[in-house]
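# Coordinates in review
The primary structure of each chain is shown beneath.
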Amino acid sequence: MAILPLLLCLLPLAPASSPPQSATPSPCPRRCRCQTQSLPLSVLCPGAGLLFVPPSLDRRAAELRLADNFIASVRRRDLANMTGLLHLSLSRNTIRHVAAGAFADLRALRALHLDGNRLTSLGEGQLRGLVNLRHLILSNNQLAALAAGALDDCAETLEDLDLSYNNLEQLPWEALGRLGNVNTLGLDHNLLASVPAGAFSRLHKLARLDMTSNRLTTIPPDPLFSRLPLLARPRGSPASALVLAFGGNPLHCNCELVWLRRLAREDDLEACASPPALGGRYFWAVGEEEFVCEPPVVTHRSPPLAVPVGRPAALRCRAVGDPEPRVRWVSPQGRLLGNSSRARAFPNGTLELLVTEPGDGGIFTCIAANAAGEATAAVELTVGPPPPPQLANSTSCDPPRDGDPDALTPPSAASASAKAVDTGPPTDRGVQVTEHGATAALVQWPDQQPIPGIRMYQIQYNSSADDILVYRMIPADSRSFLLTDLASGRAYDLCVLAVYEDSATGLTATRPVGCAHFSTEPALRPCGAPHAPFLGGTMIIALGGVIVASVLVFIFVLLMRYKVHGGQPPGKAKTPAPVSSVCSQTNGALGPTPTPAPPAPEPAALRAHTVVQLDCEPWGPGHEPVGP
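Note that the coordinates shown come from a computational prediction; the quantities given were computed from them, not determined experimentally. (Residues numbered from 1 in each chain as written. Predicted model: local features only at pLDDT ≥ 70, side-chain atom pairs only at ≥ 80, totals over all residues. Heavy atoms only, no water.)

### Notes on the state of the cysteines
By the definition in use, this model includes six disulfides. A sulfur-sulfur distance of 2.0 Å marks the disulfide that ties Cys28 to Cys34. Measuring handedness by torsion sign, the sulfur bridge of Cys28 and Cys34 sits at about 85 degrees and is right-handed. Take Cys28: its relative accessible area is 34%, and that puts it in the partly exposed class. Look at Cys34 and you get partly exposed, because its relative accessible area is 29%. The partner cysteine of Cys253 in its disulfide is Cys272, sulfur to sulfur 1.9 Å. Because the sign of the S-S torsion sets the handedness, a value of about -100 degrees for the bond joining Cys253 and Cys272 places this disulfide among the left-handed ones. On the criterion of sequence distance, the pair formed by Cys253 in the loop between β15 (251–252) and α4 (258–261) and Cys272 in strand β16 (residues 272–274) is long-range, its members being 19 residues apart. The same class applies to Cys253 and to Cys272, which are both buried. (Disulfide = S-S within 2.5 Å. Buried < 20%, exposed > 50% of the residue type's maximum accessible area, 1.4 Å probe, protein only. Helix = DSSP H or I, 4+ residues; strand = E, 2+ residues; numbered from the N terminus.)

Pasting the structure below:
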C-alpha cells in the first residue's frame, strides 16, 4: 500500500506521448514559388520555361498557375489526387493533347483556363469529373470540333464559357442549350454560318451573347429575346439585361432581320452585306420598310417524263426568291415526300425515285416556299412497260429520230425531250420562242406598258439535261433577244422577268413577263472519222519519208558530179605527173634511168617537130661529177 502513493507521485513526471505528425509537404518545384505558410496553398510557376507539368507538386494546393510555359500535353497522372484544387491556369502554352480523365480528380475545381494553346478538338472524356466548374476559357485555340457530350459534367454549374477565336464551323447546339446557368457565352471570331431557331431559348440567365465576326447571313428570332422587353428600349435608357453582339457578319438584310432592326442596343455595329441595294449600308440606318423579301418564282421544272417500270426517275424543280426558297414535293396521292427507301429529296429541289412502280404515275407538285410566300409547279410522270431491246453499235450517219438519245443526253432526259416536243405544256402568249435551230433561238416578248419604270429585262433559261440556270440581262428598250450556244436536241424552259423600280418602296423589284418551253433541233450525227492519234502518226511517217528521200537524192547528185570530174572537185585542173629524173644540159651528167612516163598530149595549136640533141658521156668510176 505504501508503493501505490509513490507511483501516483511519479506518474506526472512521465513523458507525455507526442501527437501524430502530419505528412511531410512536397518540396516546391524548381523555378516556382510556393505559398505553404498559410491556407490556401498556392503553386505559382508562370513563365518558368517548363516543358511538362512538374511531378513534385504539392497535392494539397488550391491554386496552380502554369501559364506562359511550353507544356505540350496534360497526362492523366499530372494532376492526380489534387482534390482540393480550385483554380487551374494552363494559358498560353503549346498544349495539343489532353488525356481523357486528366481532370477526373479535380472535383472541386471552379475555374479552368486553357486559352492560348493548340487544341484542335475537345472530346467527351477530356473534361470528365469537373462537376463544380464555373469558368471554362477555351479561347485562342484551333478548335474545329466540340463533342456533344464534352460539357455534360459541368452543364448545370457552368457560368462562363468562352469559345472565341477558334475554327468552329458547327456547334453542338443541343448541348449548349442545356447550360441553364450560363451568364456569358462567347462565340465570336469563328466560322459559324448558321444558328438554329430556338438555340438559346433555355438560357434564362444569359446576360451577354457575343457572335461577332462569324459567317452569319441571317439570325433567327429566339424566344429568349421576346421575353426580355428591355431589348426594345429607346436610346438613352438604362443598359439592357441582355447584350447582343452580331457585328462583323455578312448580314443579308431582308424581312427575316426586321426583329433585330427593332431592337436598340449598345453594341450596334452591324452592317448589311446584301442584297446589292443595301450592301455596305449601316444596319441601323436602313429603314424597316426596306427590309423586304421577294416571293419565290419557279424558274425550271422537269418536262413531262416517261420511264419504264423499275427504272429510276429524277424530277427537278428550281425556284428563286429572297430568302432562298425551300422546295418540297407532293405525290399524286397528296402525300408530302421525303427521304425513304424508294425516294430521296435533295436540297437543290431534285426528287429522285429509285425504283418506279405502276402506281407512281401521275402529277407531282413542286412547292417552293419562303418567308414571302410560295409558288407551285406540276410535273407529270408516266410509268410504262419496259422498252424492247435495241440494237447497238449503229454506224448510220442519219440524224437521230424523235426520242432517240444522242451521245450527250441520258436516256431519261432524251425521252423527256422527245415527249416535250409532242405533248409539252402550252407556251405563254406573252413570251414566244421562234426561229430556233440546233444551237440558237429567238425570244420575243410584248411591250410591258402596265409596269412603269422598267430598268431592264432578265431572261432565265435552263436545259432539261443539266442543273445550271443561265441569266441574260437585256436593255429595257429591247423586245427580242437571240440565244446562242444552246445544245442541240435539248428541251429548254425559259422565263422573262421585268426589273423595275417599285414606286411604293423605292426598291428594285421583279415581275414575271412570261415563260416558254421549246426544244432545239437535233444535229446531224457525224460519220466515223479516223482517230486523232492515227492521223498524227501517219503525218509523222510521211514527213520522215520525204526527208529521207531528199537526203538520198542529194547524196546521189554529189557522187555523180565527183565521178564526172575524174575524182577531182569541180573547178580545179588536173596536176601533171611529177618528173623523177632529167638529163643535165650543162655537164652531160646522167642520173638513174627512170621509167619513162607516157608523154602528155600536146595542145593542137602548139604541136610541132622540135629536135633537141643531148650530149651524154658514159658514166664510170673514173668520172667525177663536175660542179657548176
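### Observations concerning the environment of Leu44
Relative to the helices and strands, Leu44 resides in strand β2 (residues 42–44). Sequence separation between Leu44 and Arg31 is 13 residues; the distance between their C-alpha atoms is 9.1 Å. Filtering out sequence-adjacent residues up to four positions away, Leu44 remains in contact with Cys32, Arg33, Glu63 and Arg65. (Contact = heavy atoms within 4.5 Å.)

### Considerations on the confidence of the model for the protein chain
In this model, the protein chain carries a mean pLDDT of 77, and residues with pLDDT of at least 70 account for 72%. Here residues 1–22 scores under 50 on pLDDT; set against residues more than four positions off or in separate chains, the count is zero contacts. Between residues 600–612, whose pLDDT stays under 50, and residues either more than four places distant or in other chains, the model counts two contacts. (pLDDT = per-residue confidence, 0-100.)

### Overview of the environment of Asp115
Within the element layout of this structure, Asp115 appears in the loop between β7 (111–113) and β8 (121–122). Asp115 gets classed as buried once you look at its relative accessible area, which sits at 14%. Note: C-alpha distance between Asp115 and Ser164 (49 residues apart in sequence) is 9.5 Å. The residues contacting Asp115, other than those within four sequence positions of it, are Leu90, Ser91, Arg92, Ile137, Leu138, Ser139 and Asn141.

### Remarks on a nonpolar patch on the surface
A grouping of Leu543, Ile547, Val551, Phe554, Ile555, Leu558 and Leu559 is seen on the molecular surface, where their side chains present a nonpolar patch of about 700 Å² in accessible area. In this fold, Val551 is placed in helix α6 (residues 532–564). Relative accessible area serves as the criterion here: at 44%, Val551 is assigned to the partly exposed category. (Patch = residues over 30% accessible without salt bridge, like charges linked within 9 Å, V, L, I, M, F, W, Y side chains within 5 Å. Areas by Shrake-Rupley, 256 points an atom, 1.4 Å probe, with all protein chains shown as cover. Salt bridge = Lys/Arg side-chain N within 4 Å of Asp/Glu carboxyl O.)

### As for the sheet that holds strand β26 (residues 373–384)
Here five strands make up an open sheet; going across it, the order is β18-β26-β25-β21-β22 and the pairing mixed. Looking along the sheet, the strands with just one partner apiece sit at the ends: β18 (305–308) and β22 (336–337). (Pairing = 2+ DSSP bridges.)

### With respect to the pattern of salt bridges
In total, this model carries 15 salt bridges according to the counting rule given. Across the salt bridge formed by Glu174 and Arg202, the nearest N and O atoms sit 3.2 Å from each other. One end of the pair, Glu174, is in helix α2 (residues 173–176); the other, Arg202, is in the loop between β12 (184–186) and β13 (208–210), with 28 residues separating them in the sequence. When its relative accessible area of 52% is taken as the criterion, Glu174 is described as exposed. Across the pair Arg342 and Asp360 runs a salt bridge, and its minimum N-O distance is 2.5 Å. Remark: Asp360 occurs in the loop between β24 (351–353) and β25 (362–370) and Arg342 occurs in the loop between β22 and β23 (343–345); sequence separation between them is 18 residues. Members of the salt-bridge network, linked through shared partners, are Asp68, Arg92 and Asp115.

### Let's talk about empty space enclosed by the protein
Inspection of the entire model under this criterion finds two cavities of 30 Å³ or more. In terms of lining, the largest cavity is formed by Val195, Pro196, Gly198, Ala199, Phe200, Ile219, Pro220, Asp222 and Phe225. Broken down by class, the residue content of the lining of the largest cavity amounts to seven nonpolar, one polar and one charged. As a volume, the second largest cavity reaches approximately 30 Å³. Taken together, Glu169, Gln170, Leu171, Trp173, Leu192, Ala193 and Ser194 make up the full set of residues lining the second largest cavity. Class assignment of the residues belonging to the lining of the second largest cavity gives a composition of four nonpolar, two polar and one charged. (1 Å grid on protein atoms, 1.4 Å probe; cavity = no way out; pocket = protein on both sides within 12 Å on 5 of 7 lines; lining within 4 Å. Points joined across faces, edges and corners; volume = space filled by probe spheres on them. Nonpolar A, V, L, I, M, F, W, Y, C, P; charged D, E, K, R; others polar.)

### Examining unusual backbone geometry
A cis geometry characterises the amide bond from Ser274 onward to Pro275, with omega recorded as 0 degrees. Locating Pro275 in the fold gives a position in the loop between β16 and β17 (294–301). Residue Pro323 is bonded to the preceding Asp322 through a cis peptide linkage, with omega at 0 degrees. Of note, Pro323 is situated in the loop between β20 (317–322) and β21 (326–330). The phi angle at Asp68 is positive, at roughly 60 degrees, despite the residue not being glycine.

### Thoughts on the packing of aromatic side chains
Across all of its chains, the model carries six aromatic pairs by this definition. Summarising the aromatic geometry, the rings of Tyr492 and Phe518 are spaced 5.5 Å apart at their centres and angled 10 degrees between planes, so their arrangement reads as stacked. Of the two residues, Tyr492 sits in strand β32 (residues 491–501) while Phe518 sits in strand β33 (residues 508–519), which places them 26 residues apart along the sequence. According to the relative accessible area criterion, Phe518 is buried, its value standing at 4%. (Phe/Tyr/Trp six-rings, centres within 6.5 Å; stacked < 30°, edge-to-face > 60°.)

### Let's talk about the nonpolar core
In terms of nonpolar packing, the biggest core is built from 77 residues, with Leu88, Phe103, Leu112, Trp173, Phe200 and Met211 touching the most fellow members. Of all the secondary structure elements, the ones that give two or more residues to this core are α2, α3 (223–226) and α4. With three residues, the single largest contributor to this core is α4. Among all residues touching Leu112, those that are not within four sequence positions of it are Leu88, Phe103, Leu127, Leu130, Leu133, His135, Leu136 and Ile137. With 21 residues, the next largest nonpolar core counts Leu494, Tyr500, Ala509 and Ala516 among its residues. (Core = buried A, V, L, I, M, F, W, Y, C linked by side-chain atoms within 4.5 Å.)

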